[in-house]
Amino acid sequence: MRRGVLLALVLVVLGLAFGALWLWLAPRVPLVADGKAVYLKDSEGEQPIGADGTFALIGLGLGILTGLAVFLWRRAGGAALVLGMAVGALLGSVLAWRLGVWLGPTQDVVAHAKEAGENVTFDAPLKLAAKGTLLAWPLAACVVHLLLTAAFGPRDPSPYGLDAVPAWRSPGGEAKHWPAPGPAGGGGAGPQGHGGTGPEGRDGDGGTRGPGAPAPYAPPPAG
C-alpha cells in the first residue's frame, strides 16, 4: 500500500511537467477584435481541437512510459500498485490541465482584446474541450502495465506436482497414487504385473484393468 501511495504522489508531481509541456506544444487560437466583438481570425482553422489532441497525445506517451517504468520497478505488480498508478495519473492529468490553463493566456477575453487593440491578433485562452482526454494517461499506463505483466511477469508455481497426481482407491478404500514410470522397454515390474509399469489395476501384458479388478483367469495346472 505504501508503494502505491508513493507512486501516486510521484505521478501527481509529474503532472506539473505535463502541464508545462502541453502549454508549450498546444497550438494557439488566434482572435481579433473590431471594437464591438471578438472573432476567430481563422474560422476554418483546426487550432481549437489541436489543444485537445495535443493533450491526448502527451497523455498517451506518458502512459506508455509510466506503465513500462512501473513494471520494471516492481515486476510482481499488485492491486495497490496499479491503483496508485491509475489514481496518480488521473490526478496528474487534472493538475496538468489546470496548470496549462492558468499559465496560458488570460481567461478574460474582453480585457485582453481591449489591451491588444482593434484589428490586432491575440491568443485565445487555452482550454480543454474534450474532458475525456484526461483519461488518456491513466488508461494507457494501466493497459501497458497489464500487457507487460501478462507477457513477462513472474508466474505463480503450479499447484499440481508429482505429489498432487490424482489418487485412485483400492477395493479396501485406501487412496493410492500412480507409481512413477519404470525404465523404457518395460524393464520395471509393477504390482501384479508381468514386466509392466502400471499400478495394481494395470495388466503387465499391455491390457488395462480398472482399479480392484480380479486377476485374469488361468486354468489350473494339469494332473
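Note that the structure is predicted; figures quoted are calculated from it, not measured. (Residues numbered from 1 in each chain as written. Predicted model: local features only at pLDDT ≥ 70, side-chain atom pairs only at ≥ 80, totals over all residues. Heavy atoms only, no water.)

1. Some remarks on the overall build of the protein
For the protein, the count of helices and strands is 5 helices and 5 strands. Along its sequence from the N terminus, the protein presents helices and strands in the succession α-β-β-α-α-α-β-α-β-β. Per-residue burial for the protein yields a buried fraction of 33% across its 223 residues. Considering only intrachain contacts with a sequence separation of at least 6, the fraction spanning at least 24 residues in the protein is 66%. Carbon and sulfur atoms provide 65% of the accessible area of the protein, an area that totals close to 14,100 Å². (Helix = DSSP H or I, 4+ residues; strand = E, 2+ residues; numbered from the N terminus. Buried < 20%, exposed > 50% of the residue type's maximum accessible area, 1.4 Å probe, protein only. Contact = heavy atoms within 4.5 Å. Areas by Shrake-Rupley, 256 points an atom, 1.4 Å probe, with all protein chains shown as cover.)

2. Looking at the nonpolar core
Among the nonpolar cores identified, the biggest contains 22 residues, and Phe18, Trp22, Phe55 and Trp97 are the most heavily contacted of them. Those elements that place two or more of their residues in this core are α1 (2–25), α2 (47–73), α3 (79–103) and α5 (136–152). For this core, the element with the most residues is α3, which contributes 6 residues. The contacts of Trp22, once residues within four sequence positions are left out, are Ala51, Thr54, Phe55, Ile58, Ala96, Trp97, Gly100, Val101, Leu126, Lys127 and Leu128. Core analysis: the next-biggest nonpolar cluster, separate from the first, contains 6 residues, Val29, Leu31, Ala33 and Ala124 among them. (Core = buried A, V, L, I, M, F, W, Y, C linked by side-chain atoms within 4.5 Å.)

3. Quick word on α1
The end-to-end C-alpha distance of α1, which contains 24 residues, comes to 35 Å, matching closely the 34 Å that a straight helix rising 1.5 Å per residue would cover. Among the residues making up α1, those that are buried are Gly4, Leu7, Ala8, Leu11, Gly15, Phe18, Gly19, Trp22 and Leu23. (Expected span 1.5 Å × (residues − 1).)

4. A closer look at the packing of α3 against α5
For any two helices packed against each other, the geometry comes down to the angle between their axes and how far apart the axes lie. As a packed pair, α3 and α5 sit with axes 8 Å apart at the nearest point and diverge in direction by 155 degrees. As judged from the angle between their axes, α3 and α5 are roughly antiparallel. For α3 against α5, the interelement crossing comes out right-handed. Side by side, α3 and α5 meet where Val82, Met85, Ala86, Ala89, Leu90, Gly92 and Ser93 of the first sit next to Trp137, Pro138, Ala141, Cys142 and His145 of the second. Residues of the contact of α3 with α5, tallied by class, amount to 9 nonpolar, 3 polar and no charged. (Axes fitted to C-alpha atoms, helices over the stretch in contact; angles between N-to-C directions. Parallel < 35°, antiparallel > 145°, perpendicular 65-115°, else oblique. Left-handed = near helix turned anticlockwise from the far one by under 90°. Nonpolar A, V, L, I, M, F, W, Y, C, P; charged D, E, K, R; others polar.)

5. Side note on the environment of Pro48
Checked against the element boundaries, Pro48 lands in helix α2. The exposure class assigned to Pro48 is partly exposed, which follows from its relative accessible area of 40%. Considering only alpha carbons, one finds Pro48 and Ala129, 81 residues apart in sequence, at a separation of 8.5 Å.

6. Focus: a nonpolar patch on the surface
On the surface, a cluster of nonpolar side chains totalling about 310 Å² of accessible area is made up of Leu90, Val94, Leu135 and Leu139. Of note, Leu90 is situated in helix α3. You can call Leu90 partly exposed: its relative accessible area is 34%. (Patch = residues over 30% accessible without salt bridge, like charges linked within 9 Å, V, L, I, M, F, W, Y side chains within 5 Å. Salt bridge = Lys/Arg side-chain N within 4 Å of Asp/Glu carboxyl O.)

7. Describing the packing of aromatic side chains
Ring pairs (aromatic) are described by centroid distance and by the angle formed between their planes. For the structure shown, the criterion picks out 3 aromatic pairs. A centroid spacing of 5.7 Å and a plane angle of 80 degrees characterise the contact between Phe18 and Trp137, whose relative ring orientation is edge-to-face. Residue Phe18 is found in helix α1, and its partner Trp137 is found in helix α5; the two are separated by 119 residues along the sequence. Judged by its relative accessible area of 2%, Phe18 is buried. Site record: aromatic cluster; members linked through ring pairs are Phe18, Trp22, Phe55 and Trp137. (Phe/Tyr/Trp six-rings, centres within 6.5 Å; stacked < 30°, edge-to-face > 60°.)

8. Here we look at the pairing of strand β1 (residues 30–33)
The alternating pattern of β1 places Pro30 and Val32 on one face and Leu31 and Ala33 on the opposite face, and all of these are buried. Note that β1 and strand β3 (residues 122–123) share 2 bridges and pair antiparallel. By the bridge assignment for β3, Pro30 is matched with Asp123. Hairpin geometry of β1 and strand β2 (residues 38–40) is characterised by an intervening segment of 4 residues between the two adjacent antiparallel strands and by a positive phi of about 95 degrees at Gly35. (Pairing = 2+ DSSP bridges.)

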